[in-house]
Amino acid sequence: MALVDVTKSCLDSITLISEHIEGAVVYLDAGTTESFQFIGAFPLLLNHGVRAICSLENMSSLDAAVDWNANSDPDRKVVVVTSRLLSDAHRYILRCLSTHPAVRCCTIFTSISEIAHSAYPDSPLGPDAYHEYESLLVQDYEELVKKGEKKPIQPDVSNFKDNIDFGNEGWSQLSPSEDISHPQASSTASGSYRENLIADPEELGQNLVVSVRHFPMIMCPFSPRVFVLPSEGSVAEAYLSAKHDDALSPGLPSLSTGLPSDGDDIPPGATLTANFLYHFAAKMDLKMEIFSLGDVSKTVGKMLTDMSSLYDVGRRKRSAGLLLIDRTLDLLTPCCHGDSLFDRVFSSLPRRESTASYTHIRTSQSQLKQAPSNLVRASLDVQVPLAKILSEEDCELDNFRLLESIEAFLCGWDSNNAASQILELSNLKNKIDNEKLPELENGLLRGSLVSIESFRGTPYLEALLDRKTKDGTILVKRWLQEALRRENISTNVKSRSGFATKSELEAMTKALAKSQSSLLKNKGIIQLAVAALAALDESHSSRWEAFSSAEKILSVSAEDTSQSLAVQIGDFINKSALLGLHGQNGKLGTSKGVLSFQDALHLMISGYILAGENFPTAGNDGPFSWQEEQLLKDSIVEAILENPSIAKLKFLHGLLEELETNLSRIQSEESKGELSDQINIDDLDDDQWGKWGDEDVDDTINSKEKTYDDMQLKLELRDRVDNLFKFLHKLSSLKSRNIPLKDGAFDSENNFSGDPYASRGLLYKLLTRVLGKHDVPGLEYHSSTVGQLFKSGFRRFGLAQAKPSLADQNIILVFVVGGINGVEVREAQEALSESGRPDIEMILGGTTLLTPDDMLDLLLGKSSYF
């Protein structure tokens, strides 16, 4: 039987729609682009006859001139692939149609099913969502065309500048800086093509055929068996919990208190996740036995069971187990800086910025509806800095050849206007002669991680996911050595087996990338090596190691006493505050490996979670005594007063400016005081003595006002800090308030395997118990309606069936609602290996990829309810 391969299934789904994309201009939104990049879909799209691949959000008037020549017809076939709700993508689709005035066929593929569209809150579409949207899109486009016909059509002037009123509240509106325009071909386009674009204006909008289809396989697989959802897709951005006492962040499930939820209280993220998993299982040809741990996961499991009961009767599929887990059952693992090269790479490298226009829509709509705003997830598209390797003097990178190619292109594009542009190119050459252009190089020479890149059939990213930092670095070194041997490239690098240094990797990578043929042939390992070098650079690795050491100290202190743990947290806060103060005064340069005040707050989150796990007798007032916590509060208040810029977090929103103004006033008064002390008493005139009494009165009044302002500001700051500690108390109560954790089934003392796994995450402990067929408190099995009927019938005759076990399945899909990290992927594989069940195929998925910085943003940043 064929092995389960998520990446292959995604590519096969593209092949199934080949007849729709052949000969079409394909537009991909940001989420789909992210997904297709990881699965390496762009060559496949071109093999299926796609004319061009364009960005849906960043479309250009030149998109209409793709593949043009004097004898070709204008493009009449457009395909849009989106990972968003149709209402969110509507304005971009309209602008896409206006960019191609000759279009006659528009096919839209969306990853959101019709059921999900109709179930989404405030959705303007009903149960027949796709057909409704087809008619609405044609109607809006025809209205757009009629508005454009009222204006004279000019080749070089954009028409359709007026925004249309969609009428429905659910449709995305344009921001003030954006218009749905009808861009014609640019002035540099050939005359014959321009005439084709503006011919027969009466036919614009007529005979447009629109079809909407479901395309569920839009995800980001890091390996054939590990995936997350696109960061800018509707599923990942939908909130998982509404704001209430048990909620921490819209990006995390609420605490699992066991209280039943009403249908109206089901968060949109749970609805979209259930629909995605159902269609994912259908595409993978899997029939799911569903298990869940956590309240939101139970809600998702119930919706999945209802959909399976309705649509899967009579179908023959491979049996598989689905394990749904709430992220809030274990917040410590993603908050910590574990031993994972994969996590280091995603934490160190810069990411592509999110689409600003979508952010504007989400914020404005949430303010109007008083609902939680959708999340802004960190992009999964890491920017690998290839310029540091390829832009060296010994590499064959010739900027002049690039400029000459652009010159030749301009001559062929429009010979009438090429002269002035060629003059600009010659000026650019002269500028390159005189100085380097690092911005240009860094902008052009960026790589990305692709999951299908492999070494002898083993995907690079999959191999790194299963290894720690040292083992992963050694593996990258072996791949580089093998690639150099295959290319017959010799290096003077002295290396020792079992070790891999940054200098070794850098020298081997430069040697492998020196020739263009070798660069193209080995681009996968070169990009991965450069990403590893960036993660191992001292500017990133020193901070990661400092975090890791501090977290180990907190873990050891948590096994001692609450007083010891509180002292360590206070020590981190004071040291980081002192560092920030010295850095502000210019007395201390940038210290590598020293944590900032914001990092100390991050450690305090981990410390409070550890305190709640190790000191379960703590009440609602927190795990520490009043005196211990008061010292922590005083340290934070003093640190912020002395240097407000060190804590730019959400809980100080609206107060930072006042704090900085107050600090500037105090510093100016101190400098004036020092200056006045230097004034000689002999310089005073006798006439001034008579005025001193009045000045004393004025100074007293001003002093009282300043004292009042200072006191008011400090009281406001203390209130903010008190609220911060109330939130920390909620984090420390995770074990007592989450029902599945109350019994202590996952505590270290219940270790039945004999290995010390106290430092392991919940996912490892849960899989170890499940695969060992041990009972898991709170784990719920979701039986289908048909299964329940059979059970009740057999029970009448005393033949009740036993509850299915997840360990009996040969295929297990684990999905963490809220997100996963690289350490959990490795630990899940370790749990599977230790179970002695090599016959089990495990697929691990999550809402998104979580780094420690992402967790800080979810808990204390812009994405927090605090």
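Overview of the structure.

Rules used throughout
- Residues numbered from 1 in each chain as written.
- Predicted model: local features only at pLDDT ≥ 70, side-chain atom pairs only at ≥ 80, totals over all residues.
- Heavy atoms only, no water.
- Helix = DSSP H or I, 4+ residues; strand = E, 2+ residues; numbered from the N terminus.
- Contact = heavy atoms within 4.5 Å.
- Areas by Shrake-Rupley, 256 points an atom, 1.4 Å probe, with all protein chains shown as cover.
- Pairing = 2+ DSSP bridges.
- Axes fitted to C-alpha atoms, helices over the stretch in contact; angles between N-to-C directions.
- Parallel < 35°, antiparallel > 145°, perpendicular 65-115°, else oblique.
- Left-handed = near helix turned anticlockwise from the far one by under 90°.
- Nonpolar A, V, L, I, M, F, W, Y, C, P; charged D, E, K, R; others polar.
- Expected span 1.5 Å × (residues − 1).
- Buried < 20%, exposed > 50% of the residue type's maximum accessible area, 1.4 Å probe, protein only.
- Lys, Arg positive; Asp, Glu negative; His and termini not counted.
- Salt bridge = Lys/Arg side-chain N within 4 Å of Asp/Glu carboxyl O.

## Regarding the overall build of the protein chain
Here comes step 1: Within the protein chain, the regular secondary structure consists of 35 helices and 16 strands.
Here comes step 2: Summarising the internal contacts of the protein chain: among those between residues at least 6 apart in sequence, 80% fall at separations of at least 24.
Here comes step 3: Approximately 40,100 Å² of the protein chain is accessible, and the part contributed by carbon and sulfur atoms is 49%.

## A word on the sheet that holds strand β2 (residues 52–55)
Here comes step 1: With parallel pairing, the five strands of this open sheet are ordered in space as β2-β1-β3-β4-β5. Strands at the two margins of the open sheet, each flanked by one partner only, are β2 and β5 (209–214). Within this sheet the neighbouring strands show an average axis-to-axis angle of 20°, counted without direction.

## Structural notes on the packing of helix α21 (residues 502–512) against helix α23 (residues 523–536)
Here comes step 1: Where α21 meets α23, the closest approach of the two axes is 10 Å, and the angle between their N-to-C directions is 150°. In terms of orientation, α21 and α23 fall into the roughly antiparallel class. Our pair here, α21 against α23, has a crossing hand that is left-handed. Within the contact between the two elements, α21 uses Lys-502, Leu-505, Glu-506, Thr-509 and Leu-512 and α23 uses Ile-525, Ile-526, Ala-529, Val-530, Leu-533 and Leu-536.
Here comes step 2: Among the residues forming the contact of α21 with α23, the class breakdown is eight nonpolar, one polar and two charged.

## Points about the pairing of strand β6 (residues 220–223)
Put simply, side chains in a regular strand alternate between the two faces of the sheet.
Here comes step 1: By the bridge criterion, three bridges tie β6 to strand β7 (residues 226–228) in an arrangement that is antiparallel. Bridged to Ser-223 within β7 is Val-226.
Here comes step 2: Between β6 and β7, which pair antiparallel in sequence order, lie two residues.

## Overview of the sheet that holds strand β15 (residues 811–817)
Here comes step 1: What the seven strands build is an open sheet, ordered β6-β7-β16-β15-β9-β8-β14; its pairing is mixed. For this open sheet the edge positions go to β6 and β14 (780–782), each flanked by a neighbour on one side alone. Averaged over all adjacent pairs, the angle separating strand axes in this sheet is 25°, with direction ignored.
Here comes step 2: In this structure, strand β9 (residues 318–326) lies alongside β15, joined through six bridges in parallel fashion. Note on β15: the bridge partner recorded for Leu-324 is Phe-815.
Here comes step 3: Against the sheet, helix α10 (residues 268–283) contacts β7, β8 (286–293), β9 and β15, and its axis sits at roughly 160° relative to β15.

## Quick word on helix α27 (residues 626–642)
Here comes step 1: Compared with the 24 Å implied by 1.5 Å per residue over 17 residues, the 24 Å span of α27 between its first and last C-alpha is a close match.
Here comes step 2: Inspection of α27 places Glu-628, Glu-629, Leu-632, Lys-633, Ser-635, Ile-636, Val-637, Ala-639, Ile-640 and Leu-641 among the buried residues, and these make up the whole buried set.

## A look at the side chain of Asp-854
Here comes step 1: Its place among the elements puts Asp-854 in helix α35 (residues 852–860).
Here comes step 2: For Asp-854, which is buried and forms no salt bridge, the nearest opposite charge comes from Arg-351, at a distance of 4.5 Å.

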